[in-house]
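Observations on the three-dimensional arrangement
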Amino acid sequence: MDQTLLLAMIAAAAVGLAAAVLILRRDRVAAATAGPVDSPFAVSTEGEKRCPSCGMGNLVTDANCVSCGASLPG
């Protein structure tokens, strides 16, 4: 194998590896700075009230939040 060809293959591999690392880093930074992701599924909140402390949905009949235990309004 010619040395020039070997150097070209090593350089191509290094460029490919660097590109993969940069793409993964970009995706990780974008995911960390993104806001909350909306669910693609429809959810009914009828008959629920939201906890003012944690935002968990609770039944209308609940006096305390099922998640954090905070007192619910109403």
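Structural notes, computed from the coordinates. Along each chain, residues carry numbers from 1 onward, in the same order as the chain's sequence is written. Per-residue local features are limited, in this predicted model, to residues with pLDDT of at least 70; the limit for side-chain atom pairs, both in listing and counting, is 80 or more; totals at the level of whole chains, interfaces and linings are taken over all residues. No hydrogens and no water enter the side-chain calculation; it runs on all heavy atoms of the structure.

Some points on the overall build of the protein chain
Labels follow the DSSP assignment, with helices taken as runs of H or I lasting at least four residues and strands as runs of E lasting at least two, numbered in each case from the N terminus. Assigned secondary structure in the protein chain consists of one helix and two strands. Helices and strands appear in the protein chain in the N-to-C order α-β-β. Each principal axis of the C-alpha atoms in the protein chain carries an extent, and together these give about 80 × 25 × 15 Å. When contacts within the protein chain are restricted to residue pairs at least 6 apart in sequence, long-range pairs at least 24 apart make up 4% of them. Only the protein chains shown count as cover for residues, and the accessible areas themselves come from Shrake-Rupley with a 1.4 Å probe. Of the roughly 6,200 Å² that the protein chain leaves accessible, carbon and sulfur atoms contribute 64%. Only four residue types enter the charge count: Lys and Arg as positive, Asp and Glu as negative, with His and the chain ends excluded. Taken as the charge location is NZ of Lys, CZ of Arg, CG of Asp or CD of Glu. Taking the average place of the 5 positive charges on the side chains of the protein chain and the average place of its 6 negative ones, the gap between the two points comes to 8 Å. Contacts are assigned to residue pairs that have any heavy atoms within 4.5 Å of one another.

As for the side chain of D62
Structurally, D62 is set in the segment after β2 (57-59). Buried, partly exposed and exposed residues are distinguished by accessible area as a fraction of the type maximum, computed with a 1.4 Å probe on protein chains only: under 20%, between the cut-offs, and over 50%, respectively. Here a salt bridge means any side-chain nitrogen of Lys or Arg lying within 4 Å of a carboxyl oxygen belonging to Asp or Glu. Although buried, D62 forms no salt bridge, and the nearest oppositely charged side chain, K49, lies 7.7 Å from it. Not counting residues up to four positions away in its chain, the partners in contact with D62 are K49 and L72.

Remarks on the state of the cysteines
Cysteine pairs can be linked by a disulfide, which is a covalent bond between their two sulfur atoms. Cysteine sulfurs are considered disulfide-paired once they come within 2.5 Å of each other. Tallied over the entire structure, the rule returns zero disulfides. C54 supplies the cysteine sulfur nearest to C65, a cysteine that is in no disulfide, at a spacing of 3.6 Å. In this structure C65 comes out as buried when scored by relative accessible area, which is 6%.

So, the pattern of salt bridges
Under the defined criterion, the tally for this structure stands at one salt bridge. Between R26 and D27 there is a salt bridge; the shortest N-O distance is 3.6 Å.

Considering a nonpolar patch on the surface
Like-charged residues within 9 Å of one another, or nonpolar side chains (Val, Leu, Ile, Met, Phe, Trp, Tyr) within 5 Å, are grouped into patches, provided each residue has over 30% relative accessible area and no salt bridge. A cluster of nonpolar residues, L6, L7 and I10, forms a patch on the protein surface that exposes about 300 Å² of accessible area. One can find I10 in helix α1 (residues 3-33).

So, the environment of V66
With respect to the helices and strands, the residue V66 is situated in the segment after β2. A relative accessible area of 56% means that V66 is categorised as exposed. With 15 residues separating them in the primary sequence, V66 and C51 have C-alpha atoms 9.1 Å apart. Among residues more than four places away in sequence, those in contact with V66 are M56 and N58.

By themselves these figures say nothing about function.
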